[in-house]
Amino acid sequence: MKAVGVIVEYNPFHLGHKYHLQKARETSQADVVVAIMSGNFLQRGEPSILDKWQRAQTALLNGCDLVVELPVHYALQSADFFARGAITLLHALKVEALCFGTEVTNFPYETFGKTMLLKEEQIKEELEKLKHTGMSYPNQMRVVYEKLGLQGQFNQQTPNHLLGLTYAREQARIAPEMSLLPIERLGQGYKDKGNNEGFLSGTSIREFAKEGDFEKIKGKVPEQTYTDLTTSSLVSWENYFPYLKYELLASSSEDLKKIYQMTEGLEKRLKLAKDAENFWQLETVLKTKRYSKVRLRRLLSYVLLQIKQEEMLAQEDFLNVLGFTKAGQSYLSEIKKTLNLPLITKRKKNQEELLRLNHRVDEIYALSPGVQDQIFARLPLRV
């Protein structure tokens, strides 16, 4: 069987995502569509509005055949690590092509990826020079691209294209035999909260849902997503603020220094939490030109989840299956004897250490009011 892969978060799953799955199958002529999906905490440092099981089920009902969770040690990271983890899992699953949405489809992604891989040492050297300039990472990368003669490729108004460039570099590194299939991204940008025409962005849907304005969502998301949004307890950072503030107040500066990516004295800045009354106030107090909102949200996620430097660096890769269709199950059966990573379809005692971090994250996510247990007696969904 032939498989095409997609790398997703589905926060939540909407009609743009359904279109993506349709185009992936159509463009690749694949038998199965495999999604590598972030779990309950996402790349931009926030909890998902609906849990990973709900999002996986909707994906399976709308064109996906196999959903595999991107482990926390990749999902809750910058774009480089996020892409590296997802490509690693797709490669392990014998996927022949990666289909991704982008604002720029007429671009030689595979050639670019090979070029970036050849210039990797030069890129590292240039980034090291910029390390203490106070520039954000995206702006550092813009400067590096300019020095490499690639200034036309870095545009912060095309985030999906930038992510596509990252996929291309990791594909060249990990899975050069995998083809890249860019498709045009339709609808609003991820930050837009808009005019309710065409495909709504995930940001729009989350904002309308949290405001209880479900009429603006109706017909813009699949039926299952609409049902989940209107009947579930919706999750946001605010739900975890009391736990986060407790961690920040109870931890000493020495304790905070051990947290993953706690650098440049940030542990002292986080002590400003004592005056914040909610998450958004804390975020406003902490924000500076040097540290982007996303960088700080990821750091606060590491604090809440108590992810320490040595723990993050020690994580091993695995394939945690969240669900499949009959076709997806057949594909797994076909490839499982050749897999080079542990395949997880049910809880086993010998896998407890491997899953310890993921399980802790899921248990903390379930502290949000109304969220169901994310671990106990959970088996892959079958659609």
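Presented here is an overview of the structure given in this document. Being a predicted model, the structure only gives us computed values, none of them experimental. (Residues numbered from 1 in each chain as written. Predicted model: local features only at pLDDT ≥ 70, side-chain atom pairs only at ≥ 80, totals over all residues. Heavy atoms only, no water.)

So, the pattern of salt bridges
Piece 1. In this structure the tally under the stated criterion is 18 salt bridges.
Piece 2. Across the salt bridge formed by Glu 26 and Lys 23, the nearest N and O atoms sit 3.2 Å from each other. Residue Glu 26 and its partner Lys 23 are both found in helix α1 (residues 15–28); the two are separated by three residues, about one turn of the helix.
Piece 3. Here Lys 23 falls in the partly exposed class, since its relative accessible area comes to 22%.
Piece 4. Salt-bridge contacts for Lys 52 lead to Asp 362; the nearest nitrogen and oxygen are separated by 2.6 Å. One end of the pair, Lys 52, is in helix α2 (residues 52–61); the other, Asp 362, is in helix α18 (residues 352–365), with 310 residues separating them in the sequence. Residues Lys 52 and Asp 362 agree in their burial class; the two are buried.
Piece 5. The structure contains a network of salt bridges with shared partners spanning Asp 80, Arg 84, Glu 120, Arg 169, Glu 170 and Arg 173. (Salt bridge = Lys/Arg side-chain N within 4 Å of Asp/Glu carboxyl O. Helix = DSSP H or I, 4+ residues; strand = E, 2+ residues; numbered from the N terminus. Buried < 20%, exposed > 50% of the residue type's maximum accessible area, 1.4 Å probe, protein only.)

Some words on the packing of aromatic side chains
Piece 1. Applying the stated criterion to the full structure yields 13 aromatic pairs.
Piece 2. Ring centres of Phe 41 and Tyr 365 lie 6.3 Å apart, and the angle between their planes is 80°; this geometry places the pair in the edge-to-face category. Remark: Tyr 365 occurs in helix α18 and Phe 41 occurs in the loop between β2 (32–38) and α2; sequence separation between them is 324 residues. Each member of the pair, Phe 41 together with Tyr 365, is buried.
Piece 3. Ring geometry for Trp 237 against Phe 279: centres 4.4 Å apart, planes inclined by 5°, an arrangement best described as stacked. Here the residue Trp 237 occupies a position in the loop between α10 (223–231) and α11 (241–250), and Phe 279 occupies one in helix α14 (residues 279–286), the gap between them amounting to 42 residues. Each member of the pair, Trp 237 as well as Phe 279, is classed as buried.
Piece 4. An aromatic cluster is defined as three or more aromatic residues linked by ring pairs; in this entry it consists of Phe 41, Trp 237, Tyr 240, Phe 279, Trp 280 and Tyr 365. (Phe/Tyr/Trp six-rings, centres within 6.5 Å; stacked < 30°, edge-to-face > 60°.)

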